[in-house]
Every structure is written in C-alpha cells, then in structure tokens.
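Analysis of the macromolecular model
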Amino acid sequence: MAAKESHVRRLLLLSSSCLHGCEPFEYAKAEIENFFGSGVKEILFVPYALKDYAAYTQKVRDRFGKIGLQYKVTGIHEETHPAEAVKNAQAIFIGGGNTFRLLNSLHHLSLIPLIQKRVLEDGIPYMGSSAGTNVATVSIHTTNDMPIIHPPTLHAIALVPFNINPHYVEPDPNSTHKGVSK
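Below or above, wherever it landed, is the structure these notes cover. (Residues numbered from 1 in each chain as written. Predicted model: local features only at pLDDT ≥ 70, side-chain atom pairs only at ≥ 80, totals over all residues. Heavy atoms only, no water.)

1. Section: the overall build of the protein chain
Operational definition: Strands are runs of DSSP state E lasting at least two residues, helices are runs of H or I lasting at least four, and both sets are numbered from the N terminus onward. Radius of gyration here is computed from C-alpha atoms only, and the compact-globule reference equals 2.2 Å multiplied by the residue count raised to the power 0.38.
The number of helices and strands found in the protein chain is six helices and five strands. Each helix (α) and strand (β) of the protein chain, taken in turn from the N terminus, gives the series β-α-β-α-β-α-β-α-α-β-α. A compact globule built from 182 residues would reach a C-alpha radius of gyration of about 16 Å, and the protein chain, at 16 Å, matches this within 12%. Once the C-alpha set of the protein chain is aligned to its principal axes, its extents read approximately 50 × 40 × 35 Å.

2. Some words on helix H4 (residues 99–108)
Filter applied, for reference: The buried label goes to any residue with under 20% of its type's maximum accessible area, the exposed label to any with over 50%, and the partly exposed label to all in between, with areas taken from a 1.4 Å probe on protein chains only. A contact between two residues is defined here by any heavy atoms of the two lying within 4.5 Å. Distance and chemistry together define a polar contact, namely a pair of N or O atoms within 3.5 Å, with one atom able to donate a hydrogen and the other to accept it when in protein, and with adjacent residues in sequence counting only for side-chain atoms on both sides.
With seven of ten residues buried, H4 lies mostly within the body of the structure. Turning to H4, its buried residues number three or more, namely Thr99, Phe100, Leu102, Leu103, Asn104, Ser105 and Leu106. Buried residues belonging to H4 abut strand S2 (42–46), helix H2 (53–66), strand S4 (92–94), helix H5 (112–121) and helix H6 (131–134). Where H4 begins, one side-chain oxygen reaches toward the backbone nitrogen of Phe100, 2.9 Å away; that side chain belongs to Asn98.

3. Notes on the sheet that holds strand S1 (residues 11–14)
Stated precisely, the cut-off is as follows: The pairing criterion is simple: DSSP has to find at least two bridges between the two strands. In this analysis an axis means a line fitted to C-alpha atoms, helices contributing only their contacting stretch, and an angle means the value between N-to-C directions, from 0 to 180 degrees.
If you walk across this open sheet you meet the five strands as S1-S5-S4-S2-S3, and the pairing is parallel. Each edge of the open sheet carries a strand with a single partner, namely S1 and strand S3 (72–75). The average undirected angle you get between the axes of adjacent strands in this sheet is 20 degrees. Here S2 runs beside S4; their pairing, made up of three bridges, is parallel. Looking at the pairing, Val46 lines up with Ile94 of S4.

4. A short note on the pattern of salt bridges
This is how the line gets drawn: The rule for a salt bridge is simple: a side-chain nitrogen of Lys or Arg has to be within 4 Å of a carboxyl oxygen of Asp or Glu.
If you walk through the whole model with that rule in mind, you get five salt bridges. For the salt bridge of Glu78 with Arg61, the shortest nitrogen-to-oxygen distance reads 2.8 Å. Taken together, the positions of Glu78 in the loop between S3 and helix H3 (82–88) and Arg61 in helix H2 put the pair 17 residues apart, joining distant regions of the chain. Judged by its relative accessible area of 25%, Arg61 falls in the partly exposed class. A salt bridge links Asp122 to Lys117; the nearest nitrogen and oxygen atoms lie 3.0 Å apart. Taking relative accessible area as the criterion, Lys117 reaches 36% and is therefore assigned partly exposed.

5. Some points on the side chain of Asn98
Topologically, Asn98 is positioned in the loop between S4 and H4. One polar contact links the side chain of Asn98 to the main-chain amide nitrogen of Phe100, over a distance of 2.9 Å. One polar contact links the side chain of Asn98 to the main-chain carbonyl oxygen of Met146, over a distance of 2.9 Å. Sequence-distant contacts of Asn98, that is, excluding residues within four places in its chain, are made with Ala49, Ala131, Asp145, Met146 and Ile148.

6. A short note on the packing of aromatic side chains
Condition: For this analysis, a ring pair means two rings from Phe, Tyr or Trp (six-membered ring only for Trp) whose centres lie within 6.5 Å, classed as stacked if their planes differ by under 30 degrees, edge-to-face if by over 60, and tilted for the remaining angles.
Evaluated as defined, the whole model comprises nine aromatic pairs. Ring geometry for Phe25 versus Phe93: centroids 5.7 Å apart, planes at 80 degrees, classification edge-to-face. Of this pair, Phe25 sits in the loop between S1 and helix H1 (29–36) while Phe93 sits in strand S4; the two residues are 68 residues apart in sequence, bridging distant segments of the chain. Of the two residues, Phe25 and Phe93, neither departs from the other in class, the shared state being buried. Counting every residue linked through ring pairs, the aromatic cluster contains Phe25, Phe35, Phe36, Phe45, Tyr56, Phe64, Tyr71 and Phe93.

7. Section: unusual backbone geometry
Despite not being glycine, Ser110 has its phi angle at roughly 55 degrees, a positive value. Topologically, Ser110 is positioned in the loop between H4 and H5.

8. Let's talk about the pairing of strand S5 (residues 126–129)
On S5, burial covers both faces: Tyr126 and Gly128 on one face and Met127 and Ser129 on the other are all buried. Note: S1 against S5, four bridges, orientation parallel. Considered in S5, the bridge of Leu13 is made with Gly128. Sheet topology note: the S4/S5 ladder contains three bridges and is parallel. When the bridges of S5 are listed, Phe93 appears paired with Met127.

On their own, these measurements won't tell you what the molecule is for.
Set out below in structure tokens:
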C-alpha cells in the first residue's frame, strides 16, 4: 500500500556505517548532523537486522557518542508499543545487518505503512545504513544478504521508487578477480 507523499522527502541512505580507516559513522558525521539538524534530539533506532537488539542499540549509542553525535538513541524494541514509537518519533534510523531478518520483522509488526506515513506524509527524517537502505527501496530484490528467514513478501518500505544495492562496487577493469560484483 503506497502512502500519500508530501513535497519533502528527507532521506539519508548510507551504504554502511563503516569506512576503512574511520570510526563507525565518522565518515558521515557532518552529513548526519546536517541531515538531522538542530530540531532532532531523539532518534528512534530500529535494530531488527541483527539478533541482539539491546547490544546493537547500545553499540549505536556508543558509536554516536564516540564521534560526538549528541542524539538520544531509543531502540524501538525498548518501547512497549513499537507502532506508537514510530508514530511519535522525531526521526527514524534503521541499521544494517541481514535484510531478510529486518524486513520480516517490519512486516510482522506491521510497521511498513506507519514508517511510510511518517516519512512520506509527515516529513520526518529517515536514515538507513546497509540493510536499512535496502528496505527504504521498493523491494529487497537487490540485497546481497542470505535469506536466513523468509518474509511474507520482498516488498519494502518504498521511500524511493527504485531499488539500491548499497554494497555494489564498480568492477575494476585491471582486477584479476573473476567473481561476481553485484
């Protein structure tokens, strides 16, 4: 079900939280601060792409703090009612991990239409990293992840009208690697 779109779509879609030689999120610190601006004080973090939600949420809190990102990070799993947490969020960040695990949880908890409404109609900022970027697209057909679980559908949040492979690397014509780059 497609949500009615507003005029402003506020998305920051990262390929990863890490870049070689940097602390996690350090490479995108200025973009993250500019993206959320001074109005966002709390970010609703969706850790469903990994198995241990509490540890993943704490890791994001620690990483943000280490590089000076001063946002309160609340894990959606810490809330009694995840749907209400989405409805009340100032901003949403969905992290990386396994895209199939993530999408399955979003469908199981009926969060997709709520996230669509908050981002596309209400205009709140959405940041995705890796799997969080994958699910921001029309479907997860371009993910590199292994299907460790089968969501009811591969249709995703559709915040953008196309698919992304956040880990695609242009082939190096001088490389002797004969494997697949997708």
